[in-house]
Amino acid sequence: MEWEIVHIDETDSTNQWMKHHLSDTDFCVVADYQTAGRGCGSNTWESERGQNLLFSVLLHPLSVPASKQFHISMAVSVAISEALEQYIGDVSIKWPNDIYWRNGKICGILIEQTLKGTAIRECIVGVGLNVNQRAFHSSAPNPVSLWQISGQPTDRMLLLNDILQRLQRLMAEDVRQRYLQRLYRRRGFHPYTDARGAFMAEITGIEDDGHLLLRDDSGHERRYAFKEVQFVI
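Residues numbered from 1 in each chain as written. Predicted model: local features only at pLDDT ≥ 70, side-chain atom pairs only at ≥ 80, totals over all residues. Heavy atoms only, no water.

Turning our attention to the sheet that holds strand β7 (residues 119-129). Pairing between the strands of a sheet comes from backbone hydrogen bonds, and it takes one of two forms, parallel or antiparallel. Taken in spatial order, the seven strands make up an open sheet running β1-β2-β3-β7-β6-β5-β4, and their pairing is mixed. Lying at the two open borders of the sheet, with one neighbouring strand each, are β1 (5-11) and β4 (91-94). Pairs of neighbouring strands in the sheet enclose a mean axial angle of 20 degrees, with direction left out of account. Bridge count for strand β3 (residues 53-59) against β7 is seven bridges, and the pairing is antiparallel. Opposite L58, over in β7, you have I124 as the bridge partner. (Pairing = 2+ DSSP bridges. Helix = DSSP H or I, 4+ residues; strand = E, 2+ residues; numbered from the N terminus. Axes fitted to C-alpha atoms, helices over the stretch in contact; angles between N-to-C directions.)

Before going further, it helps to examine empty space enclosed by the protein. With the rule as written, the count across this model stands at one cavity of 30 Å³ or more. Computed from the structure, the largest cavity encloses a volume of approximately 30 Å³. Lining the largest cavity, in full, are F55, V57, V76, I80, V125, V127, I163, L164 and L167. Counting only elements with at least two residues in the lining of the largest cavity, the list comes to β3, α2 (70-84), β7 and α4 (156-170). Considering every element that reaches the lining of the largest cavity, the biggest residue donor is α4, with three residues. When the residues that make up the lining of the largest cavity are grouped by side-chain class, the tally is nine nonpolar, no polar and no charged. (1 Å grid on protein atoms, 1.4 Å probe; cavity = no way out; pocket = protein on both sides within 12 Å on 5 of 7 lines; lining within 4 Å. Points joined across faces, edges and corners; volume = space filled by probe spheres on them. Nonpolar A, V, L, I, M, F, W, Y, C, P; charged D, E, K, R; others polar.)

Dropping the structure here:
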C-alpha cells in the first residue's frame, strides 16, 4: 500500500491535528515544526524546525481487540527500531515504547485510542524521532539524534516511508518475540525505582496487556503498569 502522507509546515502537535482531521482510511501527517509537541503526561518534546521527524499515523486496527491493544505499541516500536538499524546499531526499545540508542532517547511515541465496546474504533500514533538535530537545549535528560550518532544527515522522508511500510506489515504479524528481543536492559539485573523506593531487578516478561514483569534480586516477582516504575539511567 502507498501511504497517503499529508505534509504541513507547522501545528501545535500532529496528534491534535489528526484529531481534527479524522478519516475512515489510514493516513499519515508529518510536520516540520510543532509549537506544543508533547510526550506522555506533561512531558514536552524538543525539536528544531525542519530537522526531525514529527508525524502521526491514523490507524483503524479492526483485527486488534481492545484487550490486545498493546500489539499496536509493539508493532510501532519494532517498525521504528528496525528502520533505524539501517543507519545505526545498538537500538533498543525501552518499555513500553521509547526507542533508545544505548542510554540515549532517540524517539518517543504517544498512542491515543478510541474504543467502541471491545473493539478499537481508531488509533492515533504520534512519533517524535530525532534525525538531523545537532544539539538539544531542553531539560530532557538524555536526548540523542541520528546525526549525533552517525555524523551524517539523513533523508527524513526516506526514513518515514521505510517506517510506514514496516508498520503496515507488522500490524498483521505476531511481533511479540521481536519486541521482547529488542527490549532495553532485557538481560541481567538493573536499577529501578517505584513508589516503595529503589531496587535491582531483571525483566522476566511482558503481559498481553503491556504490564512489565520484573524479578528483583530477592527473588520477588513485581508487576507494573505504565508510569508505576522508572528505569534508573
